[in-house]
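# Coordinate inspection notes
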Amino acid sequence: MSKRDYYEILGVSRTVTEVELKSSFRKLAMQHHPDRNPGDVQAEIKFKEINEAYQVLSDSQKRALYDRHGHAAFEQGGGGGGNPDFSDFMSDIFDSFFGEKGARGGPRAANGRERGADLRYNLEIGLEDAFTGKNASIRVPTSVSCEACSGTGANPGSKTRLCPTCGGHGRVRANQGFFSVERTCPTCNGRGEVIDDPCKNCQGAGRVTRERTLSVNIPAGVEDGTRIRLAGEGEAGLRGGPAGDLYIFLSIKPHAIFQRDGADLFCRVPIGLVSAALGGEIEVPTLSGEQARVKVPEGTQTGKQFRLKGKGMSVLRSREVGDLYIQVVIETPQKLTARQRELLEEFERESSHSNHPETAGFFGRVKDFLGGLGGTA
Ligand SMILES: [Zn+2]
Ligand SMILES: [Zn+2]
C-alpha cells in the first residue's frame, strides 16, 4: 500500500513556510471535517490523512526526517506510529479552529487528571428569535462526574494501586523507527493507577451519562453560524480534571417572507399591474410583526426597492439596527374575463410609445443592431 506524499496531501511545495503550511492545513481540515461531512467515509479518511501529514510537517524534527527518509522514517516499529488516535486529533482540530488551546492546560496532567472533551450542540432557531433574542432551553446528553465514587472510578472505600506498567506516569515510551515516542499507557489508559474494585455505579469509568437541561441566552442579532460557548458545560473531566466546554452552534431557519443580509432584511412584495401604474399605498409586513406602509409612486416598475429605515435586524451587542428593503414585483393579471380583456384591449389601442419608453427604447436598439450587422456583411 503506497502512501501519498505529505506535501502533496496538503497541496504545498517542499519549501513551504510554517505559516503557509498551517493555513493550507486549516483550509483543508475545515473542508473535510467530519462535522461538515456527516457519514462521508471518504471525507473522514481524507481528514485523517491531512491531519497525519500536518502532524509530521508541522514538527521541524519530524519534517527533517521525512525529507530525508520519506514515509520510511515513520513506518518501522508497527503499531501505528505517527497515526494519533482520532479523538485526540479531533480535539486538536477543534483547538485549531477556535484557538482555545492556550486557555487550557495539557489534556492530561501528571496526576492523571484529565479535562473533559468539548461538546457541540446544534441549535436551529427562527429569524424572529434572532431578531428579538431569546432564552432557549436545551437538553444535552452529556457525561457527568460519578457521584458514587466522586469521579475516581474506584468502589468507595476501596484502594487503587499504582500502575505496574507505567509506574504511575500514565505514559510509556516506545521506540518508533528513528525516534522514540511517548504513548498513553495501555494498562491504565493514562490514569497512572489500576482499579481492582471498580465503582458499581459507573463501572470504573468515573463518569455517567445524564441528560441535562441547560438554559442558553441567545442575544438579539445572532447570525447563522454564531457559536455560543458555555464554559464548563461539556463532558466531565476525569479524576478531578476540569469539565470541557459546550459549544452551541446556531443555525437560522430560512424565513418564509424575509431574507437577511447582515443587518438588513429584504422582502419581495407582489403588487398588481394597475396599482403599479396608478400608484398608491401598500401595506407591508415587518419582522417585529407590525405592518408598515409604503408609498408606491405612479409608474412603478418591477424590482423597484423601497427602504424602511431601522426596520431591519438588530446588530449583535450594539444598538444599531439595519434596514428593511421592500422590493416590488409587478404581477401581470391572469384568467381575464371577456370584459377585462375588452378593457385592456381598449387601453392598448389608446396607448403610445410614451406609455412604454423602455420597450420603445429597446426595440429601437434592436433595430440599430440589426441594421449595423447588415452594413458589415
Ligand atoms: Zn499505566
Ligand atoms: Zn463511580
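All residue numbers here refer to positions counted from 1 along the written sequence of the relevant chain. Each chain takes a letter, starting from A, and each ligand takes a number, starting from 1, following the order in which they are written. Residue-level local features of this predicted model are given only where pLDDT is at least 70; pairs of side-chain atoms are given and counted only at 80 or more, and the full residue set underlies all totals for whole chains, interfaces and linings. The basis for every side-chain value is the complete set of non-hydrogen atoms in the structure, without hydrogens or water.

Moving on to the overall build of the chain. Helix numbering and strand numbering both begin at the N terminus, where a helix is a DSSP run of H or I of at least 4 residues and a strand a DSSP run of E of at least 2. Looking only at helices and strands, the chain features 10 helices and 15 strands. What makes two residues a contact is simply this: any of their non-hydrogen atoms within 4.5 Å. The long-range share in the chain, meaning contacts at least 24 apart out of those at least 6 apart in sequence, stands at 64%. Taken as a whole, the chain presents about 23000 Å² of accessible surface, with 50% of it coming from carbon and sulfur. Residue exposure ignores everything except the shown protein chains as possible cover, and the areas themselves are Shrake-Rupley values with a 1.4 Å probe.

For the rest of this paragraph, the subject is the environment of N201. For N201, the position within the fold is in the loop between β6 (193–195) and β7 (207–218). Once the C-alpha coordinates of N201 and G153 are considered, the two residues, 48 residues apart in sequence, prove to be 8.8 Å apart. Setting aside chain neighbours within four positions, we find N201 in contact with C146, A148 and V208.

This part is about the coordination of the zinc ion (ligand 2). Coordination partners: N, O, S within 2.8 Å of the metal, 3.2 Å for Na, K and Ca; water not considered, so apparent gaps in a site are possible. Around the zinc ion (ligand 2), the protein contributes the donor atoms C146 (SG), C149 (SG), C199 (SG) and C202 (SG), at 2.3 Å from the metal centre. Sites are called tetrahedral only when four donors show all angles between 85 and 135 degrees, square planar or octahedral only when four or six donors show opposite pairs over 155 degrees and all other angles between 65 and 115, and irregular in any remaining case. Geometry at the zinc ion (ligand 2) is tetrahedral, judged from the four donor atoms that bind it and their angles of 103 to 114° at the metal. Every donor residue of the zinc ion (ligand 2) comes from the same chain, spaced as C-x2-C-x49-C-x2-C. Within this pair, whereas C146 is found in the loop between β2 (134–145) and β3 (160–162), its partner C202 is found in the loop between β6 and β7, the two being separated by 56 residues in sequence. Both residues of the pair, C146 and C202, count as buried. Each residue is placed in one exposure class: buried if its accessible area under a 1.4 Å probe, protein chains only, is under 20% of its type's maximum, exposed if it is over 50%, and partly exposed if it falls in between.

A few words on the nonpolar core. By size, the foremost hydrophobic cluster in this structure holds 37 residues, and its most contacted members are I218, I248 and I326. Membership of the second largest hydrophobic core comes to 20 residues, among which are Y6, V16, A29 and F74. Note on terminology: a nonpolar core comprises buried Ala, Val, Leu, Ile, Met, Phe, Trp, Tyr and Cys residues joined through side-chain atoms within 4.5 Å.

A carboxyl oxygen of Asp or Glu within 4 Å of a side-chain nitrogen of Lys or Arg is what we treat as a salt bridge. Counted according to the given criterion, the structure contains 19 salt bridges. The shortest N-O distance in the salt bridge between D67 and R14 comes to 3.8 Å. Of the two residues, D67 is situated in helix α4 (residues 60–69) and R14 in the loop between α1 (6–9) and α2 (18–32); the sequence distance between them amounts to 53 residues. Since its relative accessible area comes to 39%, D67 is described here as partly exposed. Its salt-bridge partner being D129, residue K134 comes within 3.6 Å of it at the nearest N-O pair. Taken together, the salt bridges that share partners define one network made up of R115, D118, R229 and D245.

The coordination sphere of the zinc ion (ligand 1) contains the protein donors C163 (SG), C166 (SG), C185 (SG) and C188 (SG), at a distance range of 2.2 to 2.3 Å. One can describe the site at the zinc ion (ligand 1) as tetrahedral: its four donor atoms subtend angles covering 103 to 115° at the metal. Read from N- to C-terminus, the donor residues coordinating the zinc ion (ligand 1) fall into the pattern C-x2-C-x18-C-x2-C. A relative accessible area of 1% means that C163 is categorised as buried.

Further remarks concern the layout of surface pockets. Left-over empty space is what a probe sized like a water molecule reveals as it rolls over the atoms. Put simply, the second largest pocket is a space of about 730 Å³. Every residue lining the second largest pocket is counted, 19 residues in all, and those nearest its centre are L273, A277, F347, N355 and H356. Those elements that place two or more of their residues in the lining of the second largest pocket are α8 (273–278), α9 (338–350) and α10 (357–376). By residue class, the composition of the lining of the second largest pocket is 10 nonpolar, seven polar and two charged. Definitions used for this entry: grid spacing 1 Å over protein atoms alone; cavity, a set of points where a 1.4 Å probe fits but cannot get out; pocket, an open set with protein on both sides within 12 Å along at least 5 of 7 lines; lining residue, one with an atom within 4 Å of a point. Grid points are joined across faces, edges and corners, and a volume is the space filled by probe spheres set on the points. Three classes are used: nonpolar for Ala, Val, Leu, Ile, Met, Phe, Trp, Tyr, Cys and Pro, charged for Asp, Glu, Lys and Arg, and polar for all others, with Gly counted as polar.

Let's shift gears to unusual backbone geometry. The phi dihedral of N189 is positive, around 55°, even though this residue is not glycine. Positionally, N189 belongs in the loop between β5 (179–184) and β6. Positive phi is not limited to glycine here, since R317 has a value of about 50°. Summarising the element assignment, R317 is placed in the loop between β14 (305–308) and β15 (324–331).

Our focus in this paragraph is the confidence of the model for the chain. On average, residues of the chain carry a pLDDT of 83, and 88% of them reach 70 or more. Every residue in residues 76–109 is under pLDDT 50, and counting partners more than four places away or in other chains gives 56 contacts. For every residue, the pLDDT score states the predictor's confidence, bounded by 0 at the bottom and 100 at the top.

Attention now moves to the environment of L308. Along the polypeptide, L308 turns up in strand β14. Residue classification places L308 among the buried positions, given a relative accessible area of 14%. Taking C-alpha positions, L308 is 9.7 Å from L265, a pair spaced 43 residues apart along the chain. With residues near it in sequence (within four places) discarded, L308 still touches V284, A292, R293, V294, D323, L324 and I326.

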